[in-house]
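# Overview (structure and organization)
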Amino acid sequence: ETGVTQTPRHLVMGMTNKKSLKCEQHLGHNAMYWYKQSAKKPLELMFVYNFKEQTENNSVPSRFSPECPNSSHLFLHLHTLQPEDSALYLCASSQDRTGFEFFGPGTRLTVL
Amino acid sequence: AQKVTQAQTEISVVEKEDVTLDCVYETRDTTYYLFWYKQPPSGELVFLIRRNSFDEQNEISGRYSWNFQKSTSSFNFTITASQVVDSAVYFCALSETFYNFNKFYFGSGTKLNVKP
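Not measured: the values here are computed from a predicted model.

Residue and element names in this part refer to chain A. In the structure shown here, the tally under the stated rule is two disulfides over all chains. Linked covalently through their sulfurs, Cys23 and Cys91 form a disulfide whose S-S length is 1.9 Å. Its S-S torsion of approximately -75 degrees makes the covalent link between Cys23 and Cys91 left-handed. Of this pair, Cys23 sits in strand β3 (residues 18-25) while Cys91 sits in strand β9 (residues 87-94), and the two are 68 residues apart along the sequence. Cys23 gets classed as buried once you look at its relative accessible area, which sits at 0%.

Quick look at the structure:
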């Protein structure tokens, strides 16, 4: 596989569930990002990891917990979510200051 | 204030018409990047073009063309002879560099409907 992959592509969960989203990039990039895309809203940056260190956290609620074990993998752990957290979650990667992000296909999350 | 503004929420055209998607941005940086992405119904964001702030040359790629004007802080995107497959949401984005990563600001998107 090439590029940025995300699993699962679709996820339905209850408010008491715990689940994780996975992102993997095969591009040798050192920065990885989580974005949230809600209906009728601009894409919102959630987290940025650079060389496995979290460099940005855009005031995201603690029910979203990121993990970056290495520069190729990024996880988003979810617990006790709310229905308003239903959205498309996009992962992206970039190489330093190239100003270029590759996006994964996204995970469509529905919280019941 | 919003850094990237796409004033057109939705545009509908008939196939073979030309259509221009507007993008206005705001930044205090002298070095930045501008992008256009296409998001088809499948959801994946597809990169179309990147332009750095020092390159105001307009670009043409097949039926796509981009007009970058720093004087008006605009980076407009034109599709010539539109096709049904062009139907998608198009996002304009601004990238500012912070240390070793890039912070992206996306516009709210313009939904383009191309009817046969």
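For chain B, mean pLDDT is 90; residues scoring 70 or higher make up 94% of the total. Ranking the elements of chain B by mean pLDDT puts strand β11 (residues 101-106) of chain B last with 77 and strand β3 (residues 19-21) of chain B first with 98.

A word on unusual backbone geometry. All names here are of chain A. In this model, Thr7 is joined to Pro8 through a cis peptide bond whose omega is -10 degrees. Even without being glycine, Thr80 reaches a positive phi, approximately 45 degrees. You can see Thr80 is positioned in the loop between β8 (73-79) and β9. Residue Thr80 is classed as partly exposed on the basis of its relative accessible area of 42%.

Here is what the cut-offs are and how they apply
- Residues numbered from 1 in each chain as written.
- Chains lettered and ligands numbered in written order.
- Predicted model: local features only at pLDDT ≥ 70, side-chain atom pairs only at ≥ 80, totals over all residues.
- Heavy atoms only, no water.
- Disulfide = S-S within 2.5 Å.
- Helix = DSSP H or I, 4+ residues; strand = E, 2+ residues; numbered from the N terminus.
- Buried < 20%, exposed > 50% of the residue type's maximum accessible area, 1.4 Å probe, protein only.
- pLDDT = per-residue confidence, 0-100.

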